[in-house]
Amino acid sequence: MKLLSAQQIHQWDAFTIMHEPVASIDLMERAAQSCTDWIIENNLHSKTIRIFCGKGNNGGDGLAIARQLIERGVNPSVFILEFGAKGTDDFQTNLNRLHPLTTEIYFLQSEDFFPEIQKEDLTIDALFGSGLNRPLTGLSASLVDHINNSGAEVIAIDVPSGMFIDKSSLGNRLIKATYTLTFQSLKLNFLLAENAVWFGYVEVLDIRLHHAFLQEIDADFNLLDKHFISRHLIDRKPFSHKGTFGHALLVAGNKGKMGAAVLAARSCLRTGVGLLTTFIPEEALSIMQTAVPEAMVLVRGENPDLDKYNTLGIGPGLGTADDAVSLLKTMLEKYSQPVVLDADALNIISGNKQLLKQVPQGSVLTPHPKEFDRLFGESPNDFERLQKAIDASKEYPLIIILKGHYSLVAHNGKGWFNTTGNAGMATGGTGDVLTGIITSLLAQKYTPFIAACIGVYVHGMAGDLALAYQSEESLLPSDIIEALGTAFNQLRS
Ligand SMILES: NC(=O)C1=CN([C@@H]2O[C@H](COP(=O)(O)OP(=O)(O)OC[C@H]3O[C@@H](n4cnc5c(N)ncnc54)[C@H](O)[C@@H]3O)[C@@H](O)[C@H]2O)[C@@H](O)CC1
Ligand SMILES: [K+]
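Residues numbered from 1 in each chain as written. Chains lettered and ligands numbered in written order. Predicted model: local features only at pLDDT ≥ 70, side-chain atom pairs only at ≥ 80, totals over all residues. Heavy atoms only, no water.

- Identification of the protein as Bifunctional NAD(P)H-hydrate repair enzyme from Danxiaibacter flavus is taken from an unreviewed UniProt entry.
- The UniProt entry for the protein carries the following text under Subunit (unreviewed entry): "Homotetramer." (UniProt positions renumbered as here; feature names shortened; annotations may be inferred.)

Here it is, written out as structure tokens:
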């Protein structure tokens, strides 16, 4: 699903107004109604409610919510941030509609007019939405501080005021929302960790914007969904044999880090590779043969014929000692098909940047943000790191999976965010499982981009399914591997 920029969201509203067709004020009524219904369904309307409005359409939503609440027997008070400028047409219409119903409308011209807010109250933030065009300063910034300092729960309408949709808001004044009710679809600002403390729980409310618009636009970012993943799974035909599903070589493991190699090997097998050979230190031979009897083993020092393999997965538990460095160098010199590079392979490349140019085109790199920064340089915020990953994916070209709560698959200058997974997966070893999965898919001749997308999606989905019998505390990487079967079955059903 496409992820829209602030400008495209405004175009989507306009498209809906023209092609549904629906009057702008009626679309605002629909948006406000979805918020009012949510507030009532969640039983938040019994609190003392204060609605803070700007004079744009976000403020217009706030005024419409106030009226709809009054019609449902609730008595909110309304505070309008007053700069002297006229409100938008829809704001003015909603103000006119509200006036006959309540006297509780106040204009905030200076801090002296700010109302007292009790901790038990409910605050609705309709100050600024997707039309924000500069950081908050002056009276709006003081009002945001005043609301935040009250300790009251805040429902942000569409977006917490002060937060940009498609650029960083780091260091700016922002509303700290308990809940954000955002219209129609998730936006980029909700996918990045640096914003998470500000938007709280996010609910996407369907306001029935016209779907035809989505076919017309070109989006830089997308959300991976089940439909996309299922559609790209290759059938396993009845007359296939193990050769059909490829042979992967997993270069992993070192003293004290054989667990990483075992996890990657198991997940690689559970993802359906035809044959797996692990390339491990000699002293770890019995560990691998015992823990993963399905995998073949080559020991370090041997000189494998790399052309035999459909792909290589390099990194889990490899270490960064000299022998690992020269092993990686040899592999990159001798092999020209796309490979998967993770963990220590990425750390080695960070210390030997010239190696990056030797990584076969179309390879999949799976750094977490720190590994990414070591590879491509530090970024002042999440948005710039994201852009760097997108740019690098085109420049080299590589598939870069920037791991996070919503992992990003960067490919050819565009980005796809994963939507599966949970906080229980933030534990050592889950990355090794991902490496095994993607290595397996590459060996099965999925294109690197599709292998990366299916990989992150099924990895997170298995993590989610495993919560049926584990908790976020107890979840282990092995549980993810065990749940891969159910995940694939569900994707194919
Ligand atoms: N028909 C539509 O376009 C719909 C719009 N909706 C609402 O409309 C919102 C967008 O409305 P608008 O585009 O009017 O924009 P906003 O309501 O977000 O506010 C923008 C206004 O504030 C000013 N402004 C921007 N940054 C400022 C700052 N830092 N300090 C002071 N003033 C600043 C702008 O110049 C503009 O006048 C959405 O977030 C959503 O809540 C919804 O009602 C759904 C339908
Ligand atoms: K808002």
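Side note on the domain arrangement of the protein
- In terms of domain boundaries, the protein breaks down into domain 1 (2-218) and domain 2 (226-492).
- Computed over C-alpha atoms, the centres of domain 1 and domain 2 are 42 Å apart.
- Each partner contributes residues to the interface: domain 1 has 16 residues there, and domain 2 has eight residues.
- Summed over both partners, the interface of domain 1 with domain 2 buries about 890 Å², with 70% contributed by carbon and sulfur atoms.
- It is Leu191, Leu192 and Glu194 in domain 1 that bury the most area against domain 2; as a group they hold 48% of the surface buried on that side.
- Here domain 1 is connected to domain 2 by one salt bridge.
- Residue Asp218 pairs with Lys414 through a salt bridge whose shortest N-O separation is 2.8 Å.
- For the interface between domain 1 and domain 2, the tally reads three residue pairs in polar contact (both at pLDDT 80 or more).
- For the side of domain 1 that touches domain 2, a count of residues per class yields nine nonpolar, three polar and four charged. (Domains from an automatic or database assignment. Contact = heavy atoms within 4.5 Å. Buried area = accessible area lost by both parts, 1.4 Å probe. Salt bridge = Lys/Arg side-chain N within 4 Å of Asp/Glu carboxyl O. Polar contact = N/O pair within 3.5 Å; in protein donor to acceptor, adjacent residues only side chain to side chain. Nonpolar A, V, L, I, M, F, W, Y, C, P; charged D, E, K, R; others polar.)

Description of the nonpolar core
- Judged by nonpolar contacts, the single largest core of 97 residues is most densely connected at Ile155, Leu341 and Phe417.
- Shared between two domains, this core holds at least three residues of each, these being domain 1 (2-218) and domain 2 (226-492).
- Contacts of Leu341, omitting those with residues within four sequence positions, involve Ile314, Leu328, Leu346, Ile349, Val359, Val364, Leu365 and Thr366.
- Ranked by size, the runner-up nonpolar core spans 39 residues in total, among them Phe228, Val340, Leu484 and Phe488. (Core = buried A, V, L, I, M, F, W, Y, C linked by side-chain atoms within 4.5 Å. Buried < 20%, exposed > 50% of the residue type's maximum accessible area, 1.4 Å probe, protein only.)

Points about the pairing of strand β2 (residues 49-53)
- For β2, the buried fraction is high: five of the five residues fall into the buried class.
- Residues of β2 alternate between two faces, with Ile49, Ile51 and Cys53 on one and Arg50 and Phe52 on the opposite face, all of them buried.
- Two strands pair when backbone bridges link them, and β2 and strand β5 (residues 122-126) are joined in this way by five bridges, in the parallel orientation. Residue pairing across strands places Arg50 opposite Thr123, the latter belonging to β5.
- Sheet topology places β2 next to strand β3 (residues 77-81); four bridges connect them, and they run parallel. Among the inter-strand pairings, Ile51 is bridged to a residue of β3, identified as Val78.
- Viewed along the sheet, the connection from β2 through helix α3 (residues 57-71) into β3 turns out right-handed. (Helix = DSSP H or I, 4+ residues; strand = E, 2+ residues; numbered from the N terminus. Pairing = 2+ DSSP bridges. Right-handed = clockwise from strand over helix to strand, strands pointing away.)

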